[in-house]
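Fold and contact review
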Amino acid sequence: LPTSKTYSAVSGQAPVVVHNVQSMLRSKPSEANAAYDGYTACPILIGDSKLMMAEFNGYTMEPAPTFWPLDQRVPRWVFYFMKRFVFEQVYWHFMTIGRWFGK
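Below is a short write-up of the structure. (Residues numbered from 1 in each chain as written. Predicted model: local features only at pLDDT ≥ 70, side-chain atom pairs only at ≥ 80, totals over all residues. Heavy atoms only, no water.)

Observations concerning the layout of surface pockets
Condition: A 1.4 Å probe that fits into a set of points on a 1 Å grid over the protein atoms alone but cannot get out defines a cavity; an open set with protein on both sides within 12 Å along at least five of seven lines defines a pocket, and lining residues are those with an atom within 4 Å of a point. Grid points are joined across faces, edges and corners, and a volume is the space filled by probe spheres set on the points. Helix and strand definitions follow DSSP, with helices as H or I runs of at least four residues and strands as E runs of at least two, each counted in order from the N terminus. When residues are grouped by polarity, Ala, Val, Leu, Ile, Met, Phe, Trp, Tyr, Cys and Pro land in nonpolar, Asp, Glu, Lys and Arg in charged, and all others, Gly among them, in polar.
Considering only enclosed or pocket space, the largest pocket measures out at about 480 Å³ in volume. Taken together, 22 residues line the largest pocket, and the ones lying closest to its centre are Tyr7, Ser8, Ala41, Met53 and Phe87. Within the residue set of the lining of the largest pocket, elements represented by two or more residues are helix H1 (7-25), strand E1 (39-47), strand E2 (50-57) and helix H2 (77-93). It is H2 that contributes the most residues to the lining of the largest pocket, 7 residues altogether. A breakdown of the residues in the lining of the largest pocket according to their chemical character gives 13 nonpolar, 5 polar and 4 charged.

If you want it as structure tokens, here you go:
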């Protein structure tokens, strides 16, 4: 099964794995039905401290924007700021201890 190897994809897959493993450990395999929706995001640096946030379903390649109402097809400094300063903090202080699962 092809999946993206990005932080955003992992943050979407982790809750699915946790749910399914816990269901199996509780001897309830019929409840192990969570499925990954294919969400992934790729920050694309454009230059001049601007970035495009390409969010999409990795299976269907359909756009899956989460930063509404901002048009993610337009490079923005706020996306660069988030990539440069926010995402790393979220990763180390929230995701690694199970308090953030993306989107």
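Text resumes after the structure shown.
Regarding the pairing of E2
Note the threshold: Whether a residue is buried, partly exposed or exposed follows from its accessible area with a 1.4 Å probe, protein chains only, as a fraction of its type maximum: under 20%, in between, or over 50%, in that order. Following DSSP output, two strands are said to pair if at least two bridges run between them.
Because side chains alternate across E2, one face comprises the buried residues Leu51, Met53, Glu55 and Asn57, and the other comprises Lys50, Met52, Ala54 and Phe56, none of which is buried. Note that E1 and E2 share 8 bridges and pair antiparallel. Across the sheet, Gly47 pairs through a bridge with Lys50, a residue of E2. In this structure, the hairpin formed by E1 and E2 is closed by a connection of 2 residues, where Asp48 is found at a positive phi of approximately 55 degrees.

A short note on the packing of aromatic side chains
For clarity, the cut-off: Two rings belonging to Phe, Tyr or Trp (six-membered ring only in the last case) form a pair when the distance between their centres is within 6.5 Å. Interplanar angles under 30 degrees mark stacking, angles over 60 mark edge-to-face geometry, and anything in between is tilted.
In total, this model carries 4 aromatic pairs according to the counting rule given. With 5.5 Å between their ring centres and 55 degrees between their planes, Phe67 and Phe79 make a pair best called tilted. With a gap of 12 residues between them, Phe67 in the loop between E2 and H2 and Phe79 in helix H2 connect regions that are remote in the sequence. Look at Phe79 and you get buried, because its relative accessible area is 0%. Note on Tyr91 and Trp92: the rings are 4.8 Å apart at their centroids and 85 degrees apart in plane angle, and the pair reads as edge-to-face. Exposure remark for Tyr91: the relative accessible area of 31% places this residue in the partly exposed category. Since its relative accessible area comes to 51%, Trp92 is described here as exposed.

Structural notes on a nonpolar patch on the surface
The test is simple: Patch definition: residues with relative accessible area over 30% and no salt bridge; like charges joined within 9 Å; nonpolar side chains (Val, Leu, Ile, Met, Phe, Trp, Tyr) joined within 5 Å. Residue exposure ignores everything except the shown protein chains as possible cover, and the areas themselves are Shrake-Rupley values with a 1.4 Å probe. Definition used for salt bridges: Asp or Glu carboxyl oxygen within 4 Å of a side-chain nitrogen of Lys or Arg.
Taken together, Trp77, Phe81, Phe85 and Val86 make up a surface patch of nonpolar side chains, about 430 Å² in accessible area. Relative to the assigned elements, Trp77 resides in helix H2.

Things to note about the pattern of salt bridges
Tallied over the entire structure, the rule returns 2 salt bridges. For Arg26, the salt bridge is made with Glu31, and the minimal N-O distance between the two is 3.5 Å. Take Arg26: its relative accessible area is 43%, and that puts it in the partly exposed class. Measuring nitrogen to oxygen at the nearest pair gives 3.0 Å for the salt bridge that ties Asp71 to Arg73.

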